[in-house]
Amino acid sequence: MSTEFAEVATATGSIRNPILTGFHPDPSILRVGDDYYLATSTFEWYPGVRLHHSRDLVHWRALGGVLTERRLLDLSGSGDSNGVWAPDLTYADGLFYLVYSDVASFASGYWDPQNYLITATDINGPWSDPVPLHAHGFDAALFHDDDGSSWLLAMSADWRPGRDRFGGIEIQRYDRASRRLVGKARLIFDGTDAGLTEGPHVYKRDGWYYLLTAEGGTSWEHQVTIARSRSLFGPYQPDPDGPLLTSVGRPELRLQKAGHGSLVQTQTGQWYLAHLVGRPYTPLGNCVLGRETAIQQVDWPVDGWPTIPGGHPADEVAMPDLPAHPWPEEPATDHFDARELGTDWSTLRRPATPDWVDLTSRPSHLRIFGGQSPVGRQRPSLVARRVGATHCSLETVLEFDPADHRQLAGITGYYNTANWYYAYVTRADDGRRTLEVLSCDGGRLTAYPELSRDLGAVGRVGLRVTFDGPTLRFDYHLGDGWSGVPTEFDATTLSDEHAAIVVDGEPAAWGFTGAFLGLWVQDLGADGAYADFDYATYLEH
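Here's what I pulled together on the structure shown here.

About the cut-offs
- Residues numbered from 1 in each chain as written.
- Predicted model: local features only at pLDDT ≥ 70, side-chain atom pairs only at ≥ 80, totals over all residues.
- Heavy atoms only, no water.
- Helix = DSSP H or I, 4+ residues; strand = E, 2+ residues; numbered from the N terminus.
- Buried < 20%, exposed > 50% of the residue type's maximum accessible area, 1.4 Å probe, protein only.
- Contact = heavy atoms within 4.5 Å.
- Salt bridge = Lys/Arg side-chain N within 4 Å of Asp/Glu carboxyl O.
- Pairing = 2+ DSSP bridges.

Within the secondary structure, Phe23 sits in the loop between strand S1 (14–16) and strand S2 (28–32). Exposure remark for Phe23: the relative accessible area of 0% places this residue in the buried category. Note: C-alpha distance between Phe23 and Leu51 (28 residues apart in sequence) is 13 Å. In contact with Phe23, other than residues within four places in its own chain, are Ser41, Thr42, Phe43, Trp45, Leu289, Arg291, Arg386, Phe512, Thr513, Gly514 and Phe516.

This is the structure we're talking about:
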């Protein structure tokens, strides 16, 4: 949530949803003392597992990501919307435990979902080497019981044709001392008629084990289901009143796709549910902002079922009985004065290492060494940040001396390898430096030679990409004021819905990430080309 919205919400005694705007799905919420943490999915982007921190559930600050190096996560070759799914953050014995799935596939009934566990004494790390867990299914999560035992939950995948691929929720003991799974996994919950049961979390209260799951798939039919049992191993009885939270059947709601949640109790005994939502531009339309994180207040009487008013996501919910704790506002402009990228930046499929992200060779500049083409999945050179509002922009100034047509550098509105817009500087066959525009829709490239602009001797080129609702625009500055590229583009192609492709019932492509604004450099001949970016300004309008 932006500082402006947070301050308005505080003044009215409410939390304004979503609390994390833009691509922040599958939230896992945790309280340790007076501190609240949210971990969210990152898929093919580094750093893996994005973290936010709050002390009042209203104001959130980005801590960056956990999986910052290939020792912890290797995304080289990872497909679109593969990679890190549904992290789980817990705390026990003075340690933070982070479980995450690295999903390699989602075709023909397979996922290849390798699960890992890392620990740290401090939320900011350093984090331990990963412990490989099973690959039975994704959305793995830990539950620490009162008796000191720990248990790994996960959806149980079933690849066999004709079977339910979401085969229920399974549990297996995790030995914290030996750092390994022990005993056999057993199924404890088959799910409800909503199907597609995933995202399990267990909470123990009043002698009951409460099993929270996500069901219905991660789009319009999504929901949060609650079930309970006197035994950890079931049988679990779903709440007879239906899902704890859903947007199903309410297309007029601003917040759609409500599901995949986790619960937290405040210091004063209040309960809240952090959960996934989407904000379509039109009723049940495209979600350019991706899947975001919202929060709801939960009424949980002693020995009773937890409930949320109406069972639907509210735009505003009551603040907890906690003192307000705002954070300093992040500046709109990054002058690249630090030695590392700021917490709002992400990099595609490879960590931001000095061999290609250089913040020291030229002070107050970001030097990006060119990488692979837009379809390259090993060494792309894209530094980007999430689109957090329907009206926003990213502006930069670029210095780049390309040798030929294989070298490109500029600014992009990006969704995945198959869907993006790109305004870039390159060199034409006749030796001229030119500003050009290229787009990709479903993997189909479109060039716009009529938009090409001769840059002459101009060394510094200003570039800006703007999301204006369903429209995307590019502007450029050659030292004589800003000019608009005289074509507007369809921003809604940079959305989860547009990216998803299902052929004969099988996903040929999926859309889980949301749109990005980024700085992109390509050196298709691997000749050592780089571009210098003087600054980057992100504004929400």
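This part covers the pattern of salt bridges. According to the stated counting rule, one finds 34 salt bridges in the structure shown. We note a salt bridge from Asp344 to Arg385, for which the minimum N-O separation is 3.7 Å. Residue Asp344 is located in the loop between strand S24 (333–334) and strand S25 (346–348), and its partner Arg385 is located in strand S28 (residues 382–386); the two are separated by 41 residues in the primary sequence. Judged by its relative accessible area of 22%, Asp344 falls in the partly exposed class. Residue Arg385 is classed as buried on the basis of its relative accessible area, which comes to 16%. Overlapping salt bridges bring together Arg362, Arg367, Glu399, Arg460, Asp532 and Asp534 as one network.

Of all 8 residues in strand S41 (residues 516–523), 8 are buried; the element is thus mostly enclosed. The pairing of strand S30 (residues 407–416) with S41 spans 8 bridges and is antiparallel. Counterpart to Tyr414 in the pairing with S41 is Phe516.

All right, on to the pairing of strand S42 (residues 530–540) then. Summarising burial for S42: 8 of the 11 residues are buried, a large majority. Relative to S42, S24 runs antiparallel, the two being bridged by 2 bridges. The partner of Thr333 across the bridge, within S42, is Thr537. The sheet contact formed by strand S27 (residues 366–369) and S42 spans 4 bridges and is antiparallel. Looking at S42, one finds that Leu366 is bridged to Phe533. The pairing of strand S29 (residues 391–399) with S42 spans 7 bridges and is antiparallel.

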